[in-house]
Amino acid sequence: MSEQLVFQPSAAAIARTHVTKTQYESMYARSVSDPNGFWAEQAKRLDWVQFPTKIKNTSFAYPDVSIKWFEDGVLNVSYNCLDRHLETRGDQTAIVWEGDTPGTDGKATYRELHDRVCRFANVLKANGVKKGDRVTIYMPMVIDTAVAMLACTRIGAVHSVIFGGFSPDSIAGRVIDCGSKIILTADEGRRGGKTIALKKNVDEALAKTEGVEKVIVVKVTGNPVNMVEGRDIWYHDAVATVDADCPPEPMNAEDPLFILYTSGSTGKPKGVLHTTGGYLVYGSLTHQLSFDYRNGEVYWCTADVGWITGHTYIVYGPLANGATTLMFEGVPTYPDASRFWQVVEKHNVNIFHTAPTAIRSLMGAGSEYADKYPMPSLRLLGTVGEPINPEAWTWYRTHVGKDRCEIVDCWWQTETGGHMIAPFPGAIATKPGSATVPFFGVQPVVLSPEGRIQEQTKAEGVLAIKDSWPGQMRSIYGDHQRFVETYFTQYKGYYFTGDGCRRDEDGYYWITGRVDDVLNVSGHRLGTAEVESALVSHPKVSEAAVVGYPHDLKGQGIYCYVTLMAGEAGDDALKAELRTWVRKEIGPIATPDLIQFAPGLPKTRSGKIMRRILRKVAENDFGTLGDTSTLADPAVVNDLIENRQNR
Ligand code: WT7
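This structure is a prediction, so every number in the text was calculated from the model and none was measured. (Residues numbered from 1 in each chain as written. Predicted model: local features only at pLDDT ≥ 70, side-chain atom pairs only at ≥ 80, totals over all residues. Heavy atoms only, no water.)

Participant: Can you walk me through the UniProt feature "binding site: ATP" (unreviewed entry) in the protein in this structure?
Facilitator: UniProt's feature table lists "binding site: ATP" (unreviewed entry) at Gly385, Glu386, Pro387, Asp499, Arg514 and Arg525, given in the numbering used throughout. Separation in sequence by 141 residues is not matched in space for these annotated residues, since their most distant C-alpha atoms are only 12.9 Å apart. A relative accessible area of 40% places Pro387 in the partly exposed class. Residues within four places of Pro387 in sequence aside, it is in contact with Pro356, Arg360, Ile511, Thr512 and Gly513. Here Arg514 is to be found in strand 25 (residues 509-514). Ignoring sequence-local partners within four residues, the contact set of Arg514 consists of Gln413, Thr497, Gly498, Asp499 and Arg525. Side-chain polar atoms of Arg514 contact the side chain of Asp516, separated by 2.6 Å. (UniProt positions renumbered as here; feature names shortened; annotations may be inferred. Buried < 20%, exposed > 50% of the residue type's maximum accessible area, 1.4 Å probe, protein only. Contact = heavy atoms within 4.5 Å. Helix = DSSP H or I, 4+ residues; strand = E, 2+ residues; numbered from the N terminus. Polar contact = N/O pair within 3.5 Å; in protein donor to acceptor, adjacent residues only side chain to side chain.)

Right, here's the structure in full:
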């Protein structure tokens, strides 16, 4: 091992692990040399109506990219997450719910969850939802949201969950894209002592959208909301008229399971499509092995179900494994920066999984908040969503993990369905800031920007994946061509991740962040093109270019260069107005951090904006701008530097 900081797995982790270091090595080798044999064996972890005889049938060859796993298998996701556990652990808690307000909580056992899911599924059926129909879910962090997702899978409907922080316009775009005729929502959500007007946002979205026939509203806060006659239905009224008998729909392994919209480097968010069998095999296996999950443990992932982490690692992975999964409605700092640690002690959490942005903000609030809580139940800490800086990693290990918990840094993406690079606790030594080594079946390659494969161990470049794994997305909903163009065109024969990375002399991967025009703001993914398009839709804005810059808490901040219409004055009032505008267009996560009014943007003579220069100026690193002689008007650069906002 190199001289960098290295943490060997603890004796306790080694003693209990599902996979030892030697097993990791031999199983990994087999997963690559004999994927059919390896994954046929792993598929046995699920209950199938018909066990697959065909395992892997995939091609990354441009332009005929096609990905199928377990293609003649038949199963049902809700059956695997619920019914099959009833006999052995019907009375075990499936979901623990901790409310935003301290002292509010709830739970559902596997039996109760099964009952609630069957009833919700019958409500969907009674409202005309059929196998294959798309169902939009815009709900807060309550148990009913997991129930709604599982209810869709029970009847073979395809859910599209939209994060509760997205705006009415964002909802409208997603509803139109997938053609969903029904929306499941709540009166309001709660977060950090505030309420979020979910139903009101849906109403505003539907004012601009046709085709939605039904809105089913779950009562969460009980505050009054507008109900549209003939369209809107209270869930509690609807559920009173259905029974609890709902047989699971047998689904083909390659039937669509869900769509989840995510930002890319261009255009509107893409509907990432995941299918049934491969996703569940991969999600449940990674959940079990990356966290070394054992029966009876309490597992808490702090993500929102509106993101892929919430899908795979709050709902589907844990429930398929018969785990107890905790759902938290609130935020890390409400009422104060000890909330996470109070919740860990209250529910005796064994495995805790959060994002670097939360770790950094809690670290910034002061170590005393974590130090006060011994948290004896904790044994493993996960981190996910963005590169974690070694200081935050070490703080997490010392102050939260008390130097006795394993740290598991998981690199993956909405597109990958589950973990791709992460240490197997008890098998793989960790290094602060590295996601370490690939999961079974994952073959990372480091390519030079020109696409040359870096064969030597120590290498730097962009991260691509050589062959398919079962959790991989299958397509972009309604636009397979865009799927092929986005992920398989730039580096032919590979899945391109959009991330840069370094591989060290021990073969460990260090993800350095996006190399495309995608931002990662507090672990939330955002396309610069989306923010730009929101800005230019403002009547006073003529042109905009958006880049990321390093931000202490958020990882990346949003830096906007804005050219105004002739005659408009760029002042602080307009900056505030543009901030509010973008929030309203996309959602609070897209709020610009810094706005610079620029009379001109650096463009090549063919009119292409040179983003490299804008990034440098935003990073306050303008000493090395590189060649600016190809600019149509090199003088604009001086103005950009002169008026830079991040000093
Ligand atoms: C992008 C994917 C699936 C996790 C939630 C985010 C970045 C994610 C890590 C990590 C360094 C990470 C990458 C990736 N990312 N996890 N452990 N270390 N970077 O999913 O919204 O699809 O974003 O998040 O840049 O491409 P997502």
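Participant: Got a minute to help me understand the environment of Glu41 in this structure?
Facilitator: Structurally, Glu41 can be placed in helix 3 (residues 35-42). Here Glu41 falls in the partly exposed class, since its relative accessible area comes to 44%. One polar contact links Glu41 to Arg30, side chain to side chain, over a distance of 3.5 Å.

Participant: What exactly am I supposed to notice about the UniProt feature "binding site: CoA" (unreviewed entry) in the protein here?
Facilitator: Under the UniProt annotation, "binding site: CoA" (unreviewed entry) lies at Arg191, Gly192, Gly193, Lys194, Thr309, Ser522 and Arg583. On the basis of their most widely separated C-alpha atoms, the annotated residues across 393 residues do not gather in one place, lying as much as 23.8 Å apart. By the secondary structure assignment, Gly193 is in the loop between strand 9 (189-191) and strand 10 (194-196). You can call Gly193 partly exposed: its relative accessible area is 49%. Those residues within four positions of Gly193 in sequence are excluded, and the remaining contacts are Asp100 and Tyr334. Position of Thr309 relative to the elements: it lies in helix 12 (residues 308-320). Here Thr309 falls in the buried class, since its relative accessible area comes to 12%. Once you skip the residues sitting within four places of it in the chain, Thr309 turns out to touch Cys301, Ala303, Ile314, Val384 and Trp412.

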